[in-house]
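Spelled out from the first residue to the last, the chains are:
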Amino acid sequence: MSKSLAIIFNKAPYGNQSGRELLDIALMAAAFDMEISALFIGDGVYQLLTNQQPDILHMKNHSSTYKALELYGIETVLVSSEDLEQRRLSESRLMPVSSLSNHKQINKTIAESDFVFML
Amino acid sequence: MSKSLAIIFNKAPYGNQSGRELLDIALMAAAFDMEISALFIGDGVYQLLTNQQPDILHMKNHSSTYKALELYGIETVLVSSEDLEQRRLSESRLMPVSSLSNHKQINKTIAESDFVFML
Amino acid sequence: MKTLYILNNPQLFEQCTLAMGTQDALLLIEDAVVLSEQQSSDENHFVLEEDLIARGLNSGSSWNKKNYNEFVALTLEYNKSVSWL
Amino acid sequence: MKTLYILNNPQLFEQCTLAMGTQDALLLIEDAVVLSEQQSSDENHFVLEEDLIARGLNSGSSWNKKNYNEFVALTLEYNKSVSWL
Amino acid sequence: MATFSLLVTANPHSSQGQFSAIQFAKTLLHQGHVIKRVFFYADGVLVASRLNCPPSDEYNLTKTWAKLAITHDFELTACVTVAMKRGIINATEADRNALTGENIDPAFEISGLGQLTEAMLESDRLVTFG
Amino acid sequence: MATFSLLVTANPHSSQGQFSAIQFAKTLLHQGHVIKRVFFYADGVLVASRLNCPPSDEYNLTKTWAKLAITHDFELTACVTVAMKRGIINATEADRNALTGENIDPAFEISGLGQLTEAMLESDRLVTFG
């Protein structure tokens, strides 16, 4: 049976490299046929905003990679509705790559995964 | 007239190098005859605890340098009583190098200094 | 002295604003710009426009925006700056 | 799966504990050991003893202490560990 | 007896995580367990430079990892992508990128992220120090 | 016209602070102000390695600082104590510490913390990027 890996994004993009370097792990593990979940909680929900333009500050835009998760066979992409609400963000401002979820379901995914990474 | 510098310690020791690298700045600026204030707020109050033993984990103990501040002519060493209280720390657990102060006095020191450093 | 506080860590908002006086200003930069959608504003509260645009947050914030040209001007208008880290 | 949560950042205590289930455990290490004097404990809440000693905090904490030998044992007793960063 | 691998992402110069990882590694080895691989990622790769030169009375993390790995026969692997970005370079990569000089400590190897996945799948436990 | 110095403590590899500092520097120069010195401290010194090798389509912070400093005639100074600890070494320090190799970019100089104090006292404004 293939092993499962949950990757938790909990930081906003561009002030740190966490999102980008977690994505590289997700894509690599997917190539090894692991079952990957990408979970967005806390300020990590900002990773999924549309219309990111870090190139105006000469930083690499990694947000398009989120759109490629499905191509890599990563189908469980959950975003916390409670954390969106607390940040007054509507789902319509996010790229259409994630499913609206809640803490309970996200915690269940973490609990059931063989490995869990944050950065 | 000599310039003044306030150095704000707001992080606990040893999980990061902030305390140690701020101390180096304090001692150097004191050698240039700047008027230095060392201010301890938030988790920075833990920098002043007695009986630190980071050497058991092979880390350098920088806490004795706080005792040397006065020798370097740094006489304004203030610790926030509100932040101590919030952390249930009594002043008796701190090295006898700082004066118990409060946010109002600490803010006044920050406001009146020509330069302010954090790390 | 009128002081410009520059904040880049969203977790330190409360500690930073507690240190500010009435004549001081706050500029949110880098990851801290997300606070401009979470916290209520005030006339001395600014947010760096380029960092909002970088994150796709330019449309949602009601805070007073400053671009890099204005950021430089703020550091000269105030007597000193404090980068709250 | 029974999970051991390892926390080293005191600012993430709330987010970390929100993710934990009833069969999980929490181990505070590094700078997060200061929380053992600020937060109330629970039978599945542990704090790394060597990190308390390093900081002069060994006497004040009422949390259940584990040393490095027990830290290794915990990672084997639980099915997996999550370092909450 | 269990087989561990470690994932170390902590900055060796400004955080405690590498000290913790070494203490954890020494303890598990002392208990008779084994280490398959220590994989360095993110700022963790900075420990792989042989030019790291702490004051002489302080712990040298690079040399401590090297000695431990040689004594107990396990691998120290730094992720190539994040290492190159951070100026951790071996002779091969230096040649390929027209850089003069290299700085990798000989006890460390530079390789791909696949080595992390392999370590996960072939160890009983993976513990992260960030 | 005002004279600025910058204190840069941000990690160039895992935070945004060096990007912000460069943008701030370019903007103030464009407005006709001048820079006396950019002083690198804490993890900020990591930008002084000429071996930093980001992917070719990405911004090279080391080269960008170097070009800006040469064009506008200001100093890039890394603090010696924290630089050596972090493996940022020039030939003199390498010799003195029996290290093989060095990695400092020629546009940067390594010096003491006194250079920071001097920059503070001789500039109209000091702005920190951490």
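As a reminder, the structure under discussion sits directly above these lines.
Residues numbered from 1 in each chain as written. Chains lettered and ligands numbered in written order. Predicted model: local features only at pLDDT ≥ 70, side-chain atom pairs only at ≥ 80, totals over all residues. Heavy atoms only, no water.

Visitor: Looking at this structure, I do not really get the overall build of chain C. What am I missing?
Guide: Tallying secondary structure elements over chain C gives 3 helices and 5 strands in all. The order of α-helices and β-strands along chain C, N terminus first, is β-α-β-β-α-β-α-β. Taking 2.2 N^0.38 as the reference for a compact globule, 85 residues should give roughly 12 Å; the C-alpha atoms of chain C span a radius of gyration of 12 Å, in line with that estimate. Here the contacts in chain C between residues at least 6 apart in sequence split such that 38% fall between residues at least 24 apart. On chain C, roughly 2,900 Å² of surface is accessible, and the fraction owed to carbon and sulfur atoms is 39%. Averaging the positions of the 5 positive and the 12 negative side-chain charges in chain C gives two centres separated by 4 Å. (Helix = DSSP H or I, 4+ residues; strand = E, 2+ residues; numbered from the N terminus. Rg over C-alpha atoms; globule rule 2.2 N^0.38 Å. Contact = heavy atoms within 4.5 Å. Areas by Shrake-Rupley, 256 points an atom, 1.4 Å probe, with all protein chains shown as cover. Lys, Arg positive; Asp, Glu negative; His and termini not counted. Charge placed at Lys NZ, Arg CZ, Asp CG, Glu CD.)

Visitor: Whenever I open this one, the relation of the copies chain E and chain F confuses me. Can you help?
Guide: The two chain copies are related to each other by a rotation about an axis together with a translation along it. When chain E is fitted onto chain F, the two copies agree to an RMSD of 0.0 Å after a turn of 180 degrees and an axial shift of 0.0 Å. Here the symmetry operator amounts to a two-fold rotation axis. Minimal C-alpha distance to the rotation axis in chain E is attained by Gly101(E), lying at 3.4 Å. Comparing contact sets, 100% of the residues at the interface of chain E also lie at the interface in chain F, consistent with an isologous, same-surface contact. (Least-squares fit on C-alpha atoms with pLDDT ≥ 70 in both.)

Visitor: Help me out: how do you make sense of the packing of aromatic side chains in this one?
Guide: Describing an aromatic ring pair means giving the distance of the ring centres and the angle of the ring planes. What the rule picks out here adds up to 24 aromatic pairs over all chains. With a centroid separation of 5.5 Å and an interplanar angle of 75 degrees, the aromatic rings of Phe40(A) and Tyr66(A) are classed as edge-to-face. Of this pair, Phe40(A) sits in strand β2 (residues 35-40) while Tyr66(A) sits in helix α2 (residues 64-67); the two residues are 26 residues apart in sequence, bridging distant segments of the chain. Of the two residues examined, Phe40(A) and Tyr66(A), each falls in the buried class. Between Phe9(B) and Tyr66(B) the ring centres are 5.7 Å apart and the planes differ by 75 degrees, which places this aromatic pair in the edge-to-face class. Placement of the pair is Phe9(B) in strand β1 (residues 4-9) and Tyr66(B) in helix α2 (residues 64-67), with a sequence separation of 57 residues. Judged by relative accessible area, Phe9(B) falls into the buried class, the value being 1%. (Phe/Tyr/Trp six-rings, centres within 6.5 Å; stacked < 30°, edge-to-face > 60°. Buried < 20%, exposed > 50% of the residue type's maximum accessible area, 1.4 Å probe, protein only.)

Visitor: Would you explain the interface of chain E and chain F in this entry?
Guide: In many analyses, interface size is given as the accessible surface area lost on bringing the parts together. Taken together, the contacts link 21 residues of chain E with 21 residues of chain F. Between chain E and chain F, roughly 1,900 Å² of surface is buried when both sides are summed, and carbon and sulfur atoms account for 56% of that area. Along the contact surface separating chain E from chain F lie 0 salt bridges. For the pair chain E and chain F, the number of links is 12 residue pairs in polar contact (both at pLDDT 80 or more). Its residues assigned to classes, the side of chain E that touches chain F comprises 7 nonpolar, 9 polar and 5 charged. (Buried area = accessible area lost by both parts, 1.4 Å probe. Salt bridge = Lys/Arg side-chain N within 4 Å of Asp/Glu carboxyl O. Polar contact = N/O pair within 3.5 Å; in protein donor to acceptor, adjacent residues only side chain to side chain. Nonpolar A, V, L, I, M, F, W, Y, C, P; charged D, E, K, R; others polar.)

Visitor: Looking at this structure, how should I read the nonpolar core?
Guide: Soluble globular proteins tend to pack their nonpolar side chains together in the buried interior. Counting residues in hydrophobic clusters, the biggest one holds 238 residues, and the most contacted among them are Trp84(C), Trp84(D), Trp65(E) and Trp65(F). Leaving out residues up to four positions away in the same chain, Trp84(D) has contacts with Ile8(A), Asn10(A), Ile41(A), Met118(A), Tyr5(D), Ile6(D), Leu7(D), Asn8(D), Leu12(D), Gln15(D), Cys16(D) and Ala19(D). (Core = buried A, V, L, I, M, F, W, Y, C linked by side-chain atoms within 4.5 Å.)

Visitor: Explain the pairing of strand β2 (residues 35-40) of chain B to me, please; I cannot follow it from the model alone.
Guide: Both faces of the sheet carry side chains from a regular strand, because those side chains alternate between them. Residues and elements named next belong to chain B. Counting buried residues in β2 gives 5 out of 6 residues, a clear majority hidden from the surface. Alignment of β1 against β2, held across 6 bridges, turns out to be parallel. Of the residues in β2, the one forming a bridge with Leu-5 is Ile-36. Relative to strand β3 (residues 76-80), β2 is paired through 4 bridges, and the arrangement is parallel. If you follow Leu-39 over to β3, its bridge partner there is Leu-78. (Pairing = 2+ DSSP bridges.)

Visitor: Help me understand the pattern of salt bridges, please; the structure alone is not making it clear to me.
Guide: Pairing between side chains of opposite charge can happen when the charged atoms of each approach one another. All names here are of chain D. This structure, assessed with the given rule, holds 32 salt bridges over all chains. Residue Asp-31 is joined to Arg-55 by a salt bridge in which the shortest nitrogen-to-oxygen separation is 3.3 Å. On the criterion of sequence distance, the pair formed by Asp-31 in the loop between β2 (25-28) and β3 (45-48) and Arg-55 in the loop between α2 (49-54) and β4 (64-66) is long-range, its members being 24 residues apart. Arg-55 carries the same exposure label as Asp-31, and that label is buried.

As far as function goes, none of this settles anything; it's purely spatial.
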